[in-house]
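# Working through the structure, step by step
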Amino acid sequence: MKKLIVAASAALAAMTMLAGAAQAQERNLRIAFDVPYAPFEYKDDNGELTGFEVELAEAMCEEMNANCDFVIQAWDGMIPGLLARKFDLIMSSMSITPERAERVLFSEPYYNTPGGWFAREDFDTDVTDMSAMEGMTVGVQRGTTMDTYVTEEMGGIVTINRYTTADDMVLDLEGQRLDVVFVDYPVGEETILSKDGFKEVGEPVKLGQGVGVAMRKRDTDVAEEVNAALATLKEDGTYDTIMKKYFNYDIKM
């Protein structure tokens, strides 16, 4: 009888260890999004968080066998919030740049869209002509690659108004407090071209090295899992299925 009890105890211990190991492999991650930023992340009519990156994050978490919580974070607090451990990943259209890469660890890029110029229909200025643009007021979202581009290319020539959200910027464009805005092209397409009285002006501008998931520098193991999951989603067609729900053109890297 004693041998049976010992054997049963050993078996129970082994099962407990296996269960613990399985539990340890399941990650708990918090992913930050800047909302609203349609069509990438926004709330639908029922108040539910959705969008291209939200659906891609859900598929990525499932592939990683991770329990994921979604956090809404204003854009200008994204990297500080990540470094302060308020969340573990940023999956919110963050372009990969050398400056950001000094502070965070990026995944492989998972999409690339250009910046686009948008204005009211009566706008007839060449946005590449700096003498014609002098004195104009340009709207950008604060801390984006579009902000950096306009600051570097047009600083001192135009007045730059910076906004926390794309929605606030569009409201000022509608209210004629801006002459033109420079924003991620799909965002302009979704939030500006969908309205009457507005148009695209100039040519789209490719910026940065694509968009990646941002993590803390030390989280190299998470980065490996993220890269593997995104690669699988591209290979098995899941990425394309999600992409086609939101775009009528290919944004895949």
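Look up a bit, the structure's there.
Residues numbered from 1 in each chain as written. Predicted model: local features only at pLDDT ≥ 70, side-chain atom pairs only at ≥ 80, totals over all residues. Heavy atoms only, no water.

We now examine the packing of helix H2 (residues 52–64) against helix H10 (residues 238–246). To describe two helices that pack against each other, one gives the angle between their axes and the distance between the axes. Taken N-terminus to C-terminus, the directions of H2 and H10 make an angle of 160°; their axes are 9 Å apart at the nearest point. By the angle class used here, H2 and H10 are roughly antiparallel. In the crossing of H2 with H10, the sense of the turn from one axis to the other is right-handed. Counted together, Phe52, Glu55, Leu56 and Ala59 of H2 and Thr238, Tyr239, Ile242, Met243, Lys245 and Tyr246 of H10 form the full contact between these two elements. Across the contact of H2 with H10, the residue classes break down as 7 nonpolar, 1 polar and 2 charged. (Axes fitted to C-alpha atoms, helices over the stretch in contact; angles between N-to-C directions. Helix = DSSP H or I, 4+ residues; strand = E, 2+ residues; numbered from the N terminus. Parallel < 35°, antiparallel > 145°, perpendicular 65-115°, else oblique. Left-handed = near helix turned anticlockwise from the far one by under 90°. Contact = heavy atoms within 4.5 Å. Nonpolar A, V, L, I, M, F, W, Y, C, P; charged D, E, K, R; others polar.)

With that settled, consider a negative patch on the surface. On the surface, Glu62, Glu63, Glu235 and Asp236 cluster together to form a negatively charged patch. Here Glu62 lies in helix H2. Residue Glu62 is classed as exposed on the basis of its relative accessible area, which comes to 68%. (Patch = residues over 30% accessible without salt bridge, like charges linked within 9 Å, V, L, I, M, F, W, Y side chains within 5 Å. Areas by Shrake-Rupley, 256 points an atom, 1.4 Å probe, with all protein chains shown as cover. Salt bridge = Lys/Arg side-chain N within 4 Å of Asp/Glu carboxyl O. Lys, Arg positive; Asp, Glu negative; His and termini not counted. Charge placed at Lys NZ, Arg CZ, Asp CG, Glu CD. Buried < 20%, exposed > 50% of the residue type's maximum accessible area, 1.4 Å probe, protein only.)

On to unusual backbone geometry, then. Glycine aside, a negative phi is what most residues show, and trans is what most peptide bonds show. Going from Val35 to Pro36, the amide bond is cis rather than trans, its omega being 5°. Tracing the chain through its elements places Pro36 in the loop between strand E1 (27–33) and strand E2 (42–43). Cis rather than trans, the peptide bond between Ala38 and Pro39 has omega equal to 5°. Tracing the backbone shows Pro39 in the loop between E1 and E2. A positive phi angle, close to 65°, is found at Arg85, a residue other than glycine. Checked against the element boundaries, Arg85 lands in the loop between helix H3 (78–83) and strand E5 (89–90). Look at Ser93: it is not a glycine, yet its phi comes out positive at around 55°. Looking at the element boundaries, Ser93 is found in the loop between E5 and helix H4 (98–101).

A few words now on the pattern of salt bridges. Tallying each qualifying case throughout the model produces 12 salt bridges. Among the salt bridges present, the one from Arg30 reaches Asp88, with a minimum N-O distance of 3.3 Å. One end of the pair, Arg30, is in strand E1; the other, Asp88, is in the loop between H3 and E5, and 58 residues separate them in sequence. The exposure class of Arg30 is partly exposed, given its relative accessible area of 29%. Asp88 sits in the buried class, given a relative accessible area of 10%. If you follow the salt bridges from partner to partner, you end up with Arg30, Asp88, Arg216 and Asp219 in one network.

Keep in mind that these numbers describe shape and distance, not what the molecule does.
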